[in-house]
Amino acid sequence: EAGVAQSPRYKIIEKRQSVAFWCNPISGHATLYWYQQILGQGPKLLIQFQNNGVVDDSQLPKDRFSAERLKGVDSTLKIQPAKLEDSAVYLCASSFPGKAPAFFGQGTRLTVV
Amino acid sequence: SQELEQSPQSLIVQEGKNLTINCTSSKTLYGLYWYKQKYGEGLIFLMMLQKGGEEKSHEKITAKLDEKKQQSSLHITASQPSHAGIYLCGADNSGSARQLTFGSGTQLTVLP
């Protein structure tokens, strides 16, 4: 069974530029999560989707971050414009409804310079 | 909100030594997940504990959840360089929107 797929693996951008990350969840997983992990800290939830609807985006900095999951499968997370403090690993996870997210993708490591 | 505290923050051991990492919750744990991570990469699921007093093992790694379900430990026996990495514990919030809240991680270095 294929795992959670994320791309790109690494990205370096200048501050004020925009960037987008992509996630393809495990087949059949209706719930999708995006986490931000600043190196040296634990992951922090940014947004949770159930199918194509948002369940929780209370910790998403909505002035610069946006996420969508239009067809209830793949998801994209965008940052526009990026700040230095957005340098982090962005992790995607998925699960069946009513289950905690046990399985994570390989992450996208973003460096903002 | 639930908070998880991991200790120690970092650990350096000689190959072959045993070690323990602890994870303490501010609230009763509904479910506790352990992950391993290489620096800057994704999380690798190790084990999940849900019942008080539960203990699970995989190869040389054993995880336990205490009877009161507020503390978990991860024990590695006869450590190897392949065990090196960051170990994270995550708490299942058990709410209608199932989410994980994570500790800050333990950085493990195993010296050959």
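What comes next is a walk through the structure. Fair warning: this is a prediction, and the values are worked out from it, not measured in the lab.

**A closer look at the side chain of Ser75 of chain A**
All names here are of chain A.
Then, number 1: Within the secondary structure, Ser75 is located in strand β8 (residues 75-79).
Then, number 2: Assessed through its relative accessible area of 1%, Ser75 is described here as buried.
Then, number 3: At a separation of 2.9 Å, a polar atom in the side chain of Ser75 contacts the side chain of Trp34.
Then, number 4: Contacts of Ser75, omitting those with residues within four sequence positions, involve Phe21, Trp22, Cys23, Leu32, Trp34, Phe49, Glu68 and Arg69.

**Considerations on unusual backbone geometry**
All names here are of chain A.
Then, number 1: With omega at -5°, the peptide bond leading from Gln80 into Pro81 counts as cis.
Then, number 2: Topologically, Pro81 is positioned in the loop between β8 and β9 (88-95).
Then, number 3: In this structure, Arg16 is a non-glycine residue whose phi angle is positive, near 80°.
Then, number 4: Looking at the secondary structure, you find Arg16 in the loop between β2 (10-13) and β3 (19-24).
Then, number 5: Using a relative accessible area of 63% as the deciding quantity, one classes Arg16 as exposed.
Then, number 6: Phi angles above zero are rare outside glycine, and Asn51 is one such case at about 55°.
Then, number 7: Note that Asn51 resides in the loop between β5 (44-50) and β6 (53-56).
Then, number 8: Asn51 sits in the partly exposed class, given a relative accessible area of 39%.

**Some remarks on the state of the cysteines**
All names here are of chain A.
Then, number 1: Scanning the model with the defined rule gives two disulfides over all chains in all.
Then, number 2: Each sulfur in the disulfide pair Cys23 and Cys92 lies 1.9 Å from the other. Because the sign of the S-S torsion sets the handedness, a value of about -70° for the bond joining Cys23 and Cys92 places this disulfide among the left-handed ones. Highlighted residues: Cys23 in strand β3 and Cys92 in strand β9, separated in sequence by 69 residues.

**Examining the interface of chain A and chain B**
Then, number 1: Contact residues are listed per partner, giving 27 residues for chain A and 18 residues for chain B.
Then, number 2: Along the contact surface separating chain A from chain B lie ten residue pairs in polar contact (both at pLDDT 80 or more).
Then, number 3: Residue assignment for the side of chain A that touches chain B shows that the elements contributing at least two residues are β4 (31-37), β5, β6, β9 and β10 (103-104) of chain A.
Then, number 4: It is β4 of chain A that provides the largest number of residues to the side of chain A that touches chain B, a total of three residues.
Then, number 5: Tallied by class, residues from the side of chain A that touches chain B come to 14 nonpolar, nine polar and four charged.

**Quick look at the packing of aromatic side chains**
Then, number 1: Tallied over the full model, the rule gives twelve aromatic pairs over all chains.
Then, number 2: With a centroid separation of 5.7 Å and an interplanar angle of 85°, the aromatic rings of Tyr35 of chain A and Phe102 of chain B are classed as edge-to-face. Highlighted residues: Tyr35 of chain A in strand β4 and Phe102 of chain B in strand β10 (residues 100-102), drawn from two different chains.
Then, number 3: With a relative accessible area of 0%, Tyr35 of chain A lands in the buried category.
Then, number 4: Every member of this aromatic cluster is reached through a ring pair, and the members are Tyr33, Tyr35, Phe103 and Phe104 of chain A together with Tyr33, Tyr35, Phe45 and Phe102 of chain B.

**Considerations on the pairing of strand β1 (residues 4-7) of chain B**
Residues and elements named next belong to chain B.
Then, number 1: The alternating pattern of β1 places Leu4 and Gln6 on a buried face, while none of Glu5 and Ser7, on the opposite face, is buried.
Then, number 2: Summarising the sheet, β1 and strand β3 (residues 19-25) pair through four bridges and their orientation is antiparallel. Within β3, the position partnered with Leu4 by the bridge is Ser25.

Definitions and cut-offs
- Residues numbered from 1 in each chain as written.
- Chains lettered and ligands numbered in written order.
- Predicted model: local features only at pLDDT ≥ 70, side-chain atom pairs only at ≥ 80, totals over all residues.
- Heavy atoms only, no water.
- Helix = DSSP H or I, 4+ residues; strand = E, 2+ residues; numbered from the N terminus.
- Buried < 20%, exposed > 50% of the residue type's maximum accessible area, 1.4 Å probe, protein only.
- Polar contact = N/O pair within 3.5 Å; in protein donor to acceptor, adjacent residues only side chain to side chain.
- Contact = heavy atoms within 4.5 Å.
- Disulfide = S-S within 2.5 Å.
- Nonpolar A, V, L, I, M, F, W, Y, C, P; charged D, E, K, R; others polar.
- Phe/Tyr/Trp six-rings, centres within 6.5 Å; stacked < 30°, edge-to-face > 60°.
- Pairing = 2+ DSSP bridges.

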